[in-house]
Amino acid sequence: MKNISVLGITGSIGHSTLKVLDNYKKDFNLISISTHSNVKNLLKLIDIYKPEFAVVSDRASMFDYFGEYEKNYNNIKIYSGEDGLYKICSDRRNNIIVNAISGKSGLIPSYNILTNGIDLALANKESIVCAGPILKEIAKKNGCNIIPIDSEHSAIFHLLRNRDKNEIEKIYLTASGGPFFRIEKKEWHKITVKEALNHPTWKMGNKISIDSATMANKGLEVIEAERLFDISYDKINVLIHPQSLIHSMIEIIDGEIYAQIGPNDMAIPIQNALFYPEIRYNSFNRFNFNRIVTLEIFPVDLKKFRMLDFAFYCGKKSGVYPAFYNFINEISVNLFLNEKIKFTHIEEIMEESLENFEKEDFLNKNILTMENIKITEDLANNICEKLYDKFKK
Ligand code: NDP
Ligand code: MG
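Conventions adopted
- Residues numbered from 1 in each chain as written.
- Chains lettered and ligands numbered in written order.
- Predicted model: local features only at pLDDT ≥ 70, side-chain atom pairs only at ≥ 80, totals over all residues.
- Heavy atoms only, no water.
- Pairing = 2+ DSSP bridges.
- Helix = DSSP H or I, 4+ residues; strand = E, 2+ residues; numbered from the N terminus.
- Contact = heavy atoms within 4.5 Å.
- Axes fitted to C-alpha atoms, helices over the stretch in contact; angles between N-to-C directions.
- Expected span 1.5 Å × (residues − 1).
- Buried < 20%, exposed > 50% of the residue type's maximum accessible area, 1.4 Å probe, protein only.
- Phe/Tyr/Trp six-rings, centres within 6.5 Å; stacked < 30°, edge-to-face > 60°.
- Lys NZ or Arg CZ within 6 Å of the ring centre and 35° of its normal.
- Disulfide = S-S within 2.5 Å.
- Donors = N, O, S within 2.8 Å, 3.2 Å for Na, K, Ca; no water.
- Right-handed = clockwise from strand over helix to strand, strands pointing away.

Help me understand the sheet that holds strand β12 (residues 257–261) in this model?
In a beta sheet, neighbouring strands pair by backbone hydrogen bonds and run either parallel or antiparallel. Reading across from one edge, β12-β11-β9-β10-β13 is the order of the 5 strands in this open sheet, with mixed pairing throughout. Whereas interior strands pair on both sides, the edge strands pair on one side only; in this sheet they are β12 and β13 (298–299). Pairing analysis gives 2 bridges linking strand β10 (residues 236–240) to β13, with the strands arranged antiparallel. By the bridge assignment, leucine 239 is partnered in β13 with proline 299. Lying on the sheet, helix α10 (residues 216–229) is in contact with β9 (168–175) and β10; it crosses β9 at an angle near 155°.

What should I look at first to understand helix α14 (residues 345–357) in this one?
An α-helical turn contains 3.6 residues, so a residue and the one three or four places further along point in the same direction. Helix length check: α14 (13 residues) gives 17 Å between terminal C-alpha atoms against 18 Å at 1.5 Å per residue, within 8%. Along α14, the residues classified as buried are His345, Ile346, Glu347, Ile349, Met350, Ser353, Leu354 and Phe357. Buried residues along α14 sit against α9 (206–214), α12 (306–317), α13 (321–337) and α15 (370–391).

Please clarify how the packing of aromatic side chains should be interpreted in this entry.
What describes a pair of aromatic rings is the distance from one ring centre to the other and the angle between the planes of the rings. Scanning all chains against the criterion turns up 17 aromatic pairs. Look at phenylalanine 28 and phenylalanine 275: their rings are 5.1 Å apart centre to centre, the planes differ by 55°, and that puts the pair in the tilted class. With phenylalanine 28 in strand β2 (residues 28–35) and phenylalanine 275 in helix α11 (residues 267–275), the pair connects residues that are 247 residues apart, well separated along the chain. For the pair phenylalanine 28 and phenylalanine 275, a shared accessibility class is recorded, and that class is buried. Between the aromatic rings of tyrosine 321 and phenylalanine 357, the centroid separation amounts to 5.7 Å while the plane-to-plane angle is 70°, which identifies the pairing as edge-to-face. One end of the pair, tyrosine 321, is in helix α13; the other, phenylalanine 357, is in helix α14, and 36 residues separate them in sequence. Take tyrosine 321 and phenylalanine 357: they sit in the same class, and that class is buried. Connected via pairs of aromatic rings, a cluster forms that spans Phe180, Trp188, Phe305, Phe336 and Phe343. Over the ring of tyrosine 69 we find arginine 59, and its NZ or CZ is 3.9 Å from the ring centre. Sitting over the face of the ring of tyrosine 79, lysine 87 holds its NZ or CZ atom 4.7 Å from the ring centroid.

What's the story with the state of the cysteines in this structure? I'm lost.
Considering all chains together, one arrives at 0 disulfides under this definition. For cysteine 130, which is in no disulfide, the shortest distance to another cysteine sulfur is to cysteine 314 and amounts to 11 Å. Take cysteine 130: its relative accessible area is 1%, and that puts it in the buried class. The closest cysteine sulfur to the non-disulfide-bonded cysteine 384 is located on cysteine 314, 13 Å from its own sulfur. Under the relative-accessibility criterion, cysteine 384 is labelled buried at 8%.

When you look at the coordination of the magnesium ion (ligand 2) in this model, what are you seeing that I'm missing?
Expected angles at a metal are 109.5 degrees for tetrahedral coordination by four donors and either 90 or 180 degrees for octahedral coordination by six donors. With distances of 2.1 to 2.2 Å, the protein atoms coordinating the magnesium ion (ligand 2) are Asp150 (OD), Glu152 (OE) and Glu221 (OE). For the magnesium ion (ligand 2), the single-chain donor residues occur in sequence as D-x1-E-x68-E. Residue glutamate 152 is located in helix α7 (residues 151–159), and its partner glutamate 221 is located in helix α10; the two are separated by 69 residues in the primary sequence. Of the two residues, glutamate 152 and glutamate 221, both sit in the buried class.

Whenever I open this one, the pairing of strand β6 (residues 96–99) confuses me. Can you help?
Successive residues of a regular strand alternate their side chains across the two faces of the sheet. Every second residue of β6 is oriented toward a common face, with Ile96 and Val98 on one face and Ile97 and Asn99 on the other, all of them buried. Bridging between strand β1 (residues 2–7) and β6 involves 4 bridges; their strand directions are parallel. By the bridge assignment, isoleucine 4 is partnered in β6 with isoleucine 96. One ladder, built from 4 bridges, connects β6 with strand β7 (residues 119–122); its direction is parallel. Bridge pairing in β7 links isoleucine 97 to leucine 120. Crossover connection from β6 via helix α5 (residues 107–115) to parallel β7: handedness right-handed.

From the geometry alone we can't say anything about function, so treat these as descriptive.
This is the structure we're talking about:
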């Protein structure tokens, strides 16, 4: 039996993780869980799953609900704030921890999990984008694993198993193209938050849904792939595949291409991460070939999906550029979700922010350290604040 904890249990990946745990009750002992602010949902999950302790990472939400920052609820202790998250990440009884927090807030937890020598089942791509080489180094030093949950990376991770790295010619990351793949760019200025959240094939959290609509999500995934698989950017290709059934592909040196095809269900990559290196039977919905299945593939237009183009640029620049890309994207996505800027401003803010960032003396030494990531975050905030007046609706 593996001891497990889940960060971000109240989100979409958290929900799919529970689907896996429900199916393998004898294999996992759930030690702790966290939400940011959804206390009501957390209490329901505590009643059902009875972890040893739980965390509300937003202290204000904890205080609003209970009038205190720590609480005993049905004999289960609830902590709050970053200290609470640290209690989970440093609890070495865990064999594996799922990081399903959305956005940059997942970075420090990923760092702490690996620093404590615990296997990391990683949904939070933002942390590997910001600090990939640092996290990998810590994992190596402490003898623990980073196992991807992101469906494309899970696919490639499994396609690469038992394969000599020298046999790999290319990898293909597939992308649905999001809700606006077939909408002409000149119409994009009218896009509303509701339209952008309406992803054609996956039901996901708000941030990743907007990232999918701009294809910044694929941009983050390109960087995630370079970091996880040590593969250079010129060997990473993105293809639009609107049905999202091919989760990704590898091309090997003899020209053969191997694809991973399966149902659109995040529970499968999560299951494989939790049991890694074992593969287990499951009773989830299966792919059905008793009907006509259309698999379309299109090349990607980087002039239309500029956020993907910027990601390749920042990835190749390396150092703190990927972190900068991530921070600027996250700030503009929040502004868009709060209806402060237009959808098309997301890429415009990225372009102008990058121009401003490149004038900073700080970039003369483009060195990746945790401290420089923090400086980069502060610079991203300052740069965006100055640009905000120009872009606000
Ligand atoms: P959701 O928004 O659905 O859930 C996010 C979870 O993180 C919630 O539990 C949320 O708590 C918590 N959270 C939010 N902000 C913070 C914070 N500042 N500190 C600590 N916890 C926080 O996101 P998803 O489940 O969709 O995505 C999670 C991660 O997985 C992302 O990095 C995403 O890119 C990645 N991913 C998601 C996929 C999907 O299918 N959804 C597919 C592949 C990757 P609360 O409920 O209180 O807000
Ligand atoms: Mg993905």
